[in-house]
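Overview (structure and organization)
Residues per chain, in single letters:
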Amino acid sequence: MYTDDFIRRTVEDYADMITRIAFQNVKNHCDAEDIMQEVFVRLMRGPEFKDESHKKAWLIRVTLNLCKNWNSTYWNRNTVPLEAVLREAEAADARESVPEELWELPPSYRSTLYLYYYEGYSVPEIAQIFGRSKNTISSWLTRARRQLKTLILEGQA
């Protein structure tokens, strides 16, 4: 069982990162905040961590899994709540700094690019987070870059 101080510090340190990861995957600010809250609920019942990097990797993995679950549900794929539409206007500022073409990439490619370039993870660290081989992550990065380049060039034509 974790102390209140541990939970408070973890929320302060990682809430923004988790929300950004969730938002990039579900494309909805309200749902990203819900996912972030669920991550911290699971943290309270979570495992013991070896160190800070293990805790961060666990938080990212849980966030990505919750996003995947959210995206796979029938309700979430086929409906858009009114609150989400209204919040999207507020979240537009966050998306303006990211090329629109990035949102067209598959979630695994988008998440890999995010972790590599924004969070500064190495290929082996990302492989550990996703539970994949280093070669798979390297391939995802290469394919994501190639697809992103193609999408950007098509958009300029």
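This text follows the structure it describes.
In this report, the structure presented in the accompanying data block is examined. (Residues numbered from 1 in each chain as written. Predicted model: local features only at pLDDT ≥ 70, side-chain atom pairs only at ≥ 80, totals over all residues. Heavy atoms only, no water.)

1. With respect to the side chain of T19
Note that T19 resides in helix α1 (residues 4-26). Among the polar contacts made by the side chain of T19, one reaches the main-chain carbonyl oxygen of A15 at a distance of 2.8 Å. (Helix = DSSP H or I, 4+ residues; strand = E, 2+ residues; numbered from the N terminus. Polar contact = N/O pair within 3.5 Å; in protein donor to acceptor, adjacent residues only side chain to side chain.)

2. Quick word on the environment of S139
The residue S139 is located in helix α8 (residues 134-156) in this model. Expressed as a C-alpha distance, the spacing of S139 and Y109, which sit 30 residues apart in the sequence, is 9.5 Å.

3. Brief notes about the packing of aromatic side chains
Tallied over the full model, the rule gives 5 aromatic pairs. With 5.5 Å between their ring centres and 65 degrees between their planes, F49 and W58 make a pair best called edge-to-face. The burial state of F49 is the same as that of W58; both residues are buried. Measuring from centroid to centroid gives 5.4 Å for F130 and W140, while their planes differ by 85 degrees, and the two rings are edge-to-face. Taken together, the residues span a long stretch of sequence, with F130 in helix α7 (residues 123-130) and W140 in helix α8 at a distance of 10 residues. (Phe/Tyr/Trp six-rings, centres within 6.5 Å; stacked < 30°, edge-to-face > 60°. Buried < 20%, exposed > 50% of the residue type's maximum accessible area, 1.4 Å probe, protein only.)

4. Comments concerning helix α2 (residues 29-44)
With 16 residues, α2 should reach 22 Å at 1.5 Å per residue; the first-to-last C-alpha distance of 23 Å fits that figure. Taken together, the buried positions of α2 are occupied by C30, D31, A32, I35, M36, V39, F40 and L43. The backbone nitrogen of C30 has a side-chain oxygen 2.9 Å away, supplied by the residue at the start of α2, namely N28. (Expected span 1.5 Å × (residues − 1).)

5. Some points on the layout of surface pockets
Looking at the second largest pocket, its volume works out to about 270 Å³. Contributing to the lining of the second largest pocket are N25, R61, L64, C67, K68, N71, P107, S108, S111, F130, R132 and W140. If you list the elements that add at least two residues to the lining of the second largest pocket, you get α3 (52-72) and α6 (107-118). If one sorts the elements of the lining of the second largest pocket by residue count, α3 sits on top with 5 residues. Grouping the amino acids of the lining of the second largest pocket by side-chain chemistry returns 5 nonpolar, 4 polar and 3 charged. (1 Å grid on protein atoms, 1.4 Å probe; cavity = no way out; pocket = protein on both sides within 12 Å on 5 of 7 lines; lining within 4 Å. Points joined across faces, edges and corners; volume = space filled by probe spheres on them. Nonpolar A, V, L, I, M, F, W, Y, C, P; charged D, E, K, R; others polar.)

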